[in-house]
Amino acid sequence: MVAVATAAVQREEAVTLPDGRRVAIAVPTGFKFEQARDAGGAPRAVLNAAEGKASLELSFLPDPDGKALRLRGRNELMVEFFQEYVAGSVEKAMEFTELAPRRGAGTLCVFTDAALVGKSDLPPNEYHHLTVGIKAWEGVMVVFRLFSQDVKSEVHLAALRVLRESVEERPVPLR
């Protein structure tokens, strides 16, 4: 593990892709980790922060043509996957920001739920903010949704660190 990530990392989990490759995910202290497969058989992982303060959903999809590795391709995919959130957001647009992961490439966009602005007592699974994006490396894209109450909170920032510093295949050492 990288020194920056070790201080807040409770443990490391792995997700196995359909082709047998393994993806390492650093799970921060205070987060629960679950994994499953979606209806189409694609691997999924969810990291939930204690007390429902944030939830990070990861879907691992094949990207054989490398579309998600290219900035324009990621942006096109993000519009395809996340356009539905624009109308109900305060932003009323997709404002792309580069994720700058340690390995691979990534882009994210933050939406603020217009219907929840100014409300403090939210029911379970209701969040003020949704950060969506795509992280990619050779042959794989991870589509993510990060639900949080505050984009400056430690749990939100910890989830972004997970995306930047883990959720990756580890290079195999030369023998």
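Quick note: structure is the one above.
What you are looking at is a predicted structure, and each value in this text was computed from that prediction instead of being measured. (Residues numbered from 1 in each chain as written. Predicted model: local features only at pLDDT ≥ 70, side-chain atom pairs only at ≥ 80, totals over all residues. Heavy atoms only, no water.)

Enquirer: Would you take a moment to explain the overall build of the chain for this structure?
Expert: Along the backbone of the chain there are three helices and nine strands. Moving toward the C terminus, one meets the helices and strands of the chain in the order α-β-β-β-β-β-α-β-β-β-β-α. Since a compact globule built from 175 residues should have a radius of gyration of about 16 Å, the 16 Å found for the chain is in line with a globular shape. Seen through its principal axes, the chain has C-alpha atoms that stretch 55 × 35 × 30 Å. Here the chain holds 175 residues, and 45% of them are scored as buried. The long-range fraction of contacts in the chain, counting pairs at least 24 apart against all pairs at least 6 apart in sequence, stands at 48%. When the accessible surface of the chain is split by element, carbon and sulfur atoms take 55% of a total near 9300 Å². The average position of the 22 basic charges and that of the 24 acidic charges among the side chains of the chain differ by 4 Å. (Helix = DSSP H or I, 4+ residues; strand = E, 2+ residues; numbered from the N terminus. Rg over C-alpha atoms; globule rule 2.2 N^0.38 Å. Buried < 20%, exposed > 50% of the residue type's maximum accessible area, 1.4 Å probe, protein only. Contact = heavy atoms within 4.5 Å. Areas by Shrake-Rupley, 256 points an atom, 1.4 Å probe, with all protein chains shown as cover. Lys, Arg positive; Asp, Glu negative; His and termini not counted. Charge placed at Lys NZ, Arg CZ, Asp CG, Glu CD.)

Enquirer: What am I meant to see in the pattern of salt bridges here?
Expert: One side chain can pair with another of opposite charge once the charged atoms of both are near each other. The full count for this structure, using the stated rule, is 10 salt bridges. Close ionic contact of Glu-168 with Arg-102 constitutes a salt bridge, the shortest N to O distance being 2.3 Å. Highlighted residues: Glu-168 in the segment after helix H3 (154-165) and Arg-102 in the loop between strand E6 (97-98) and strand E7 (105-112), separated in sequence by 66 residues. Using a relative accessible area of 34% as the deciding quantity, one classes Arg-102 as partly exposed. In the salt-bridge network here, residues are joined through shared partners; they are Asp-19, Arg-21 and Glu-169. (Salt bridge = Lys/Arg side-chain N within 4 Å of Asp/Glu carboxyl O.)

Enquirer: It is not clear to me how the nonpolar core should be interpreted in this structure. Could you clarify?
Expert: Soluble globular proteins tend to bury their nonpolar side chains together. With 27 residues, the main nonpolar core has Ile-25, Leu-47, Leu-56, Leu-58, Phe-60, Leu-163 and Val-167 as its most contacted residues. Among the elements that make up this core, the one with the highest residue count is H3 (five residues). Sequence-distant contacts of Ile-25, defined by excluding residues within four places in its chain, comprise Arg-11, Glu-12, Glu-13, Val-15, Phe-33, Ala-45, Leu-47, Leu-58, Phe-60, Val-162, Ser-166 and Val-167. The next biggest cluster of nonpolar side chains, apart from the first, holds 16 residues, and it includes Leu-77, Ile-134, Ala-136 and Met-141. (Core = buried A, V, L, I, M, F, W, Y, C linked by side-chain atoms within 4.5 Å.)

Enquirer: Could you clarify how one ought to interpret helix H2 (residues 71-82) in this entry?
Expert: What sets the pattern is the α-helix's 3.6 residues per turn: residues three or four places apart point alike. Helix length check: H2, at 12 residues, gives a terminal C-alpha distance of 16 Å against a target of 16 Å (1.5 Å per residue), a fit within 8%. Looking at H2, one finds that the buried residues are Gly-73, Arg-74, Asn-75, Leu-77, Met-78 and Phe-82. (Expected span 1.5 Å × (residues − 1).)

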